[in-house]
Structures are given as C-alpha cells and as structure tokens.
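# Working through the structure, step by step
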Amino acid sequence: MKNIVLIHGWACDESIWQETKNYLEQKYRLYTINLPSMKNMHSYRDAVIELIEQKGLTRVVLVGWSMGSLVAIQVASYLLHKVQGLVLVSGTSKFLAETQTSVLSSRTSLKDTDFENNELYQGGIPSVLVTKIKKRLSKNPERTFNDFYKLMFSSKEQARELDDKIIDNYLCHGRIWDLLEAQSGLDFLMEADVRAYLPNITCPTLLLHGEEDNLCPLEGANFIERQLPYAQLVSYPGVGHIPFLIEFRNFHQVLEEWLSVL
C-alpha cells in the first residue's frame, strides 16, 4: 500500500481532508498533520519531515493543497529519495505575483534587472490583498477568516450556494487558528518562493486545479508544469480553490488513476 501524506492550507487543519481519507483509506495508508505555529520558513517543512520519520515511511506520496503545496514542494526537494510522487492541489510555487517594484526591491542594483528578458511572475495574487487580510485579521479574526473562505469559490459555485454549505460543513470545523498563528502563516505565504526548488524535483507530479481559482491562479500551476519533466495538469472549468470537495468524484477518480500507475 502506498503511503500518502496530506498537507492542509492556511486557516484550515487536517479535518479538511476527511472526505478524501474516507474515499481512499481502503487502498492506501493516509496520514494527515496539523501544521504547527511557524517559527521560521522551514517550520512547516520540518513538521512534515518529522511525521514521515516518526512513521518510518521510506516511500511517500505528498499531497499539498494551497499553502500546503508550497510545503510539499519544500519537502519533496529535501527528501528526494523518499518522495515517489507529488500531488499539488490548487498549487503554487509562489503565492504573490511579481511587480517591477517588488523585483527591484529584492535586487542589489538596477543594472541587475532586465524586465525585457526576465518576465515578471504572474502566477500569484497581488501582495496588497494579503496585506489587507493581515491588517483586518487583528481587528476581526472571525470575519476575516470567513471573507477569506469566500474567496475560495468561483462565481458559479457561489451562484449554486456551495460556498456557505462548504464553509459551514468543512472550513469552520476543526482547530481554530489563533491570531499569532494566522499572522505567521500569512508571513509564510508572503515570503515563500520555492520556484528554485522545482528543478530538483524529478518524481511524477500531478497538478489538480480549478480554472477559476481566485487565490492560486491557474497560471501558477501552468508555471509548475513547465518546470517539471514529469508533470501532468488536470484543470476543472468553473471551479475555484477547493476542487477536491466541489468536483469530488472526478477529482478522486483522476487521483486514483494516477496513483495506480505510480
């Protein structure tokens, strides 16, 4: 039986994977984790590595959703000999889009930057949105979490009133993130850039992504697919940030088919 480690996203916990566990547990060994409070940029990665080592797993498939995809890429790059497959759900290698200002601020001099030959990364969201979320978080955490959850749904999903149903039944259950934990998680999202790790990853990779994802745009998954030699992208029209709940049967059938030949 293959070992599968499921990694959740920001403002969620391991319970978000319960339906996936129910669906797959007859064929696979499934492990989930509640990511700890972040102390540094490797805290989430180290927690997943610790789980793998504690369970004595010599071969593992990593499944990371949203923020968890950044963590999964970190782990896969660090444990090349143990990760036999990588699944990135609503995945990204950099949460924030690049602007000329942000790129210039990270360079030592203007002459190091050539915007004509170095395309700005557009697979993320504007930094101003995350900054706004962080500011509102300290004033009204509950409202901020709920507004963030709303961003996970496409206009079609909201028209079908799936947003309130899924928020009530899945996103608002489980462990509640405290303020400092949530803020440090946002810091991770704003700072994490794992694009440089992608060339190290040679294991088969499956990308599962909604085409109307407002939080991790599809271009982010397209970017990853272009960097990895053994990547396969499956996208879902009209679907937002949570394809594993919105397109439940289709999503898990695709995942099972991919796992069966891994």
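Up top you'll find the structure we're talking about.
Computed from a predicted model, the values in this text were never measured in an experiment. (Residues numbered from 1 in each chain as written. Predicted model: local features only at pLDDT ≥ 70, side-chain atom pairs only at ≥ 80, totals over all residues. Heavy atoms only, no water.)

## Quick notes on empty space enclosed by the protein
Cut-off, in case you're wondering: The distinction between a cavity and a pocket rests on a 1 Å grid over the protein atoms alone: a 1.4 Å probe fits inside a cavity but cannot get out, while a pocket stays open yet meets protein on both sides within 12 Å along at least five of seven lines, and a residue with an atom within 4 Å of a point counts as lining. Grid points are joined across faces, edges and corners, and a volume is the space filled by probe spheres set on the points. Residue polarity follows a fixed list, in which Ala, Val, Leu, Ile, Met, Phe, Trp, Tyr, Cys and Pro are nonpolar, Asp, Glu, Lys and Arg are charged, and the others, Gly among them, are polar.
Tallied over the entire structure, the rule returns one cavity of 30 Å³ or more. Its volume calculated, the largest cavity comes out at about 30 Å³. As for the largest cavity, its lining consists of Phe95, Ile125, Val130, Ile133, Phe148, Leu186 and Leu215. Of the residues that constitute the lining of the largest cavity, the class distribution is seven nonpolar, no polar and no charged.

## Details of unusual backbone geometry
Our working rule: Runs of H or I in DSSP of at least four residues are treated as helices and runs of E of at least two as strands, each being numbered from the N terminus. Relative accessibility under 20% of the residue-type maximum defines a buried residue, over 50% an exposed one, and the middle range a partly exposed one, all with a 1.4 Å probe and only protein chains included.
Of note in this structure, alanine 11 is not a glycine but carries a positive phi near 65°. Within the secondary structure, alanine 11 sits in the loop between β1 (3-7) and α1 (18-24). Here serine 90, not a glycine, exhibits a phi torsion of approximately 50°, which is positive. With respect to the helices and strands, serine 90 occurs in the loop between β4 (83-89) and α4 (100-106). The buried category is assigned to serine 90, whose relative accessible area is 0%.

## Details of the nonpolar core
Rule in force here: Nonpolar cores are built from buried Ala, Val, Leu, Ile, Met, Phe, Trp, Tyr and Cys residues. Side-chain atoms within 4.5 Å join them into one set. The contact criterion used is simple: two residues touch if any of their non-hydrogen atoms lie within 4.5 Å.
Judged by nonpolar contacts, the single largest core of 88 residues is most densely connected at Val5, Trp10, Val48, Leu62 and Leu171. Take this core: its biggest share by element is seven residues, from helix α3 (residues 67-78). Excluding residues within four positions of it along the chain, valine 5 makes contact with Tyr31, Val48, Leu51, Ile52, Leu57, Val60, Val61, Leu62 and Val63.

## As for the layout of surface pockets
Empty space within the second largest pocket amounts to approximately 200 Å³. Residue lining of the second largest pocket: 14 residues in total, with Phe145, Tyr149, Leu171, Cys172 and Ile176 positioned closest to the centre. Per-element accounting of the lining of the second largest pocket gives the leading share, five residues, to helix α6 (residues 141-150). When the residues that make up the lining of the second largest pocket are grouped by side-chain class, the tally is nine nonpolar, two polar and three charged.

## Observations concerning the pattern of salt bridges
Basically, it comes down to this: Salt bridge, as applied in this entry: a Lys or Arg side-chain nitrogen positioned within 4 Å of an Asp or Glu carboxyl oxygen.
Taken as a whole and assessed by the stated rule, the structure comprises ten salt bridges. Between arginine 45 and aspartate 46 there is a salt bridge; the shortest N-O distance is 2.8 Å. Residue classification places aspartate 46 among the partly exposed positions, given a relative accessible area of 34%. In this structure, the salt-bridge partner of lysine 134 is aspartate 187, at a minimum N-O distance of 2.3 Å. In this pair, lysine 134 sits in helix α5 (residues 127-139) while aspartate 187 sits in helix α9 (residues 179-191), placing the two residues 53 residues apart along the sequence. By sharing partners, the salt bridges in this structure join Glu98, Asp193 and Arg195 into a single network.

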